[in-house]
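Residue-level structure breakdown
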Amino acid sequence: MIEQIRFTLDWLLASLPILAVLVLMLRFRWGGAKAGAVGWAVALLVAALRFGAGWQVLAYAQLKGVLLSLFVLYIIWAALLLYRVTDEAGALSAIGAGLPRLTPDRGLQALLLGWVFGAFLQGVSGFGVPVAVIAPLLVGLGFPPLAAVIIPSVGHVWAVTFGSLGSSFYALIAATGRSGEELAPWSAVMLGLACLACGAGTLWAAGGRRTLRAGLAPLILIGSAMAGSQFLVVTHGLWAIGGMMGGLAGLAVGVAWARFAPRPSPPHRGGCGDSSPTPATNMPIGWALFPYALLVAIVLAAQLLPPVHDFLGQAVVRVQFPELTTARGWVTPAGEGRSISVFGHAGALLTYAALVTYALFQRQGRYAPGTTRRIARDVVRRAARSSLGIAAMVGMAVTMEHAGMTRMLADGLARVAGPAFPLV
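Everything in this summary refers to the structure shown in the same document.

Reading the values: the criteria
- Residues numbered from 1 in each chain as written.
- Predicted model: local features only at pLDDT ≥ 70, side-chain atom pairs only at ≥ 80, totals over all residues.
- Heavy atoms only, no water.
- 1 Å grid on protein atoms, 1.4 Å probe; cavity = no way out; pocket = protein on both sides within 12 Å on 5 of 7 lines; lining within 4 Å.
- Points joined across faces, edges and corners; volume = space filled by probe spheres on them.
- Helix = DSSP H or I, 4+ residues; strand = E, 2+ residues; numbered from the N terminus.
- Nonpolar A, V, L, I, M, F, W, Y, C, P; charged D, E, K, R; others polar.
- Core = buried A, V, L, I, M, F, W, Y, C linked by side-chain atoms within 4.5 Å.
- Buried < 20%, exposed > 50% of the residue type's maximum accessible area, 1.4 Å probe, protein only.
- Contact = heavy atoms within 4.5 Å.
- Phe/Tyr/Trp six-rings, centres within 6.5 Å; stacked < 30°, edge-to-face > 60°.
- Lys NZ or Arg CZ within 6 Å of the ring centre and 35° of its normal.
- Salt bridge = Lys/Arg side-chain N within 4 Å of Asp/Glu carboxyl O.

**Points about the layout of surface pockets**
- As a volume, the largest pocket reaches approximately 910 Å³.
- Along its surface, the largest pocket is lined by 31 residues, and Leu68, Ala171, Ala174, Ala175 and Thr176 are the ones closest to its centre.
- Contributions of two or more residues to the lining of the largest pocket are made by α3 (55-89), α8 (167-176), β4 (331-332), β5 (335-336) and α15 (371-403).
- Of the residues assigned to the lining of the largest pocket, the class counts are 16 nonpolar, ten polar and five charged.
- The computed volume of the second largest pocket comes to approximately 490 Å³.
- Lining the second largest pocket are 18 residues, with Tyr170, His309, Ser341, Gly344 and His345 positioned closest to its centre.

**Concerning the nonpolar core**
- Trp115, Phe117 and Leu295 are the most contacted members of the largest nonpolar core, which has 92 residues in total.
- Top contributing element to this core by residue count: α3, with 14 residues.
- In this view, Trp115 contacts Ala110, Gly155, Trp158, Cys195, Cys198, Gly199, Thr202, Pro218, Leu219, Ile222, Gly223 and Met226; residues no more than four positions away in its chain are not counted.
- Residues Val42, Ala53, Met400 and Met405 belong to the second largest nonpolar core, which totals 20 residues.

**A closer look at the packing of aromatic side chains**
- According to the stated counting rule, one finds nine aromatic pairs in the structure shown.
- Plain terms: the ring middles of Tyr170 and Trp239 are 6.1 Å apart, the flat faces sit at 70° to each other, and that makes the pair edge-to-face. Note that Tyr170 is positioned in helix α8 and Trp239 in the loop between α10 (216-234) and α11 (242-260), a separation of 69 residues in sequence. With respect to burial, Tyr170 and Trp239 carry one shared label: buried.
- The ring of Trp30 carries the charged tip of Lys34 above its face, separated from the ring centre by 4.5 Å.

**A look at the pattern of salt bridges**
- Taken as a whole, this structure holds twelve salt bridges when the rule is applied.
- Among the ionic pairs, Arg84 bridges to Asp378, the shortest N-O distance being 2.7 Å. Linking Arg84 in helix α3 with Asp378 in helix α15, this pair joins segments that are 294 residues apart in sequence.
- Look at Asp378 and you get buried, because its relative accessible area is 10%.
- Put simply, Asp378 and Arg382 hold a salt bridge, and the shortest N to O gap is 2.7 Å. Linking Asp378 with Arg382, this pair stays in helix α15, spanning four residues, or about one helical turn.
- Several salt bridges converge on common partners, so that one network encompasses Arg84, Asp87, Glu88, Arg374, Asp378, Arg381 and Arg382.

Here it is as structure tokens:
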């Protein structure tokens, strides 16, 4: 009985950092940076006072957390840089304005923008960009404001794991300790099913049951192309471009469907108002897609060409960690932390694409005076707060892992759930 009480107390204390974050974010509407910092502090206190994590265990855990955070943040900052470089030149506006002109059908417009283009944007950037870019375009097309926000919010989320040049998937590899080759096929299968569900949600948000029924054919065709392309890419080790290639495949199939499939007469508007003209842009669609074609070429060269791969991989940050043991006997084996290839990292590849794109568009005269400063200021403003939140959450997670708190949570759930534990 006493042992059961002690286990329950340990389980509740182990869950305290997560509960603190959830309560602060959901009940008090705190941002991830502030709530994550509190959760991190709670994790440190509980690990030290209850789970016997000494200063050495906690110090090495924080260093591991810093390496993992830098690995992910390298991608985030570079992805935001590429997004701002292309956005300032008008590339995203050119793509977003051209897609609705392919069809007058509201359901297909919602699919092309909120689902397909949203997934593509998530693949190359992420971090709220799909909603920020697409929602105003949908409002300009006559969609109600609420629907304009819901459509990309629902439509793009299936592409998050392999989006942002695989930042979430790389974090998944680091957090689980499993290889990418082992995780990629199962992740791609689950995300493929989620892709179809997100497309269905997009159609429903655009006009309810009637729009969903009318859009089933393009939903299945385009969704199969996106899910299948992502599966093929990631199962061949190209995790960084899985989301982007899925989005590109969807764009190709979606444009073909919009051009050659029979159009409904009259087009169904799903309860939306009359269409407004899309914003004009003077950038040809080929130039608008050039930065992303360049990025694909850079990633493929870095991963598939041995001379390029070896050249970029010469400078690597590596830290070897000793075996760590808490006062309660929880052992973290010795091993290498998250290594960072300075010039071959996905963030570096994004940076190369951003710099070449900037130089090209600058030569074409597509940037107004002061654009460089505006891009830099906006990248810092957008990335700084999310970076603090990510660093705090990673610090909390790594602290809990090294103190045995994560294992305690798993043991408690296993006792309650029994055979249903994998589902839980």
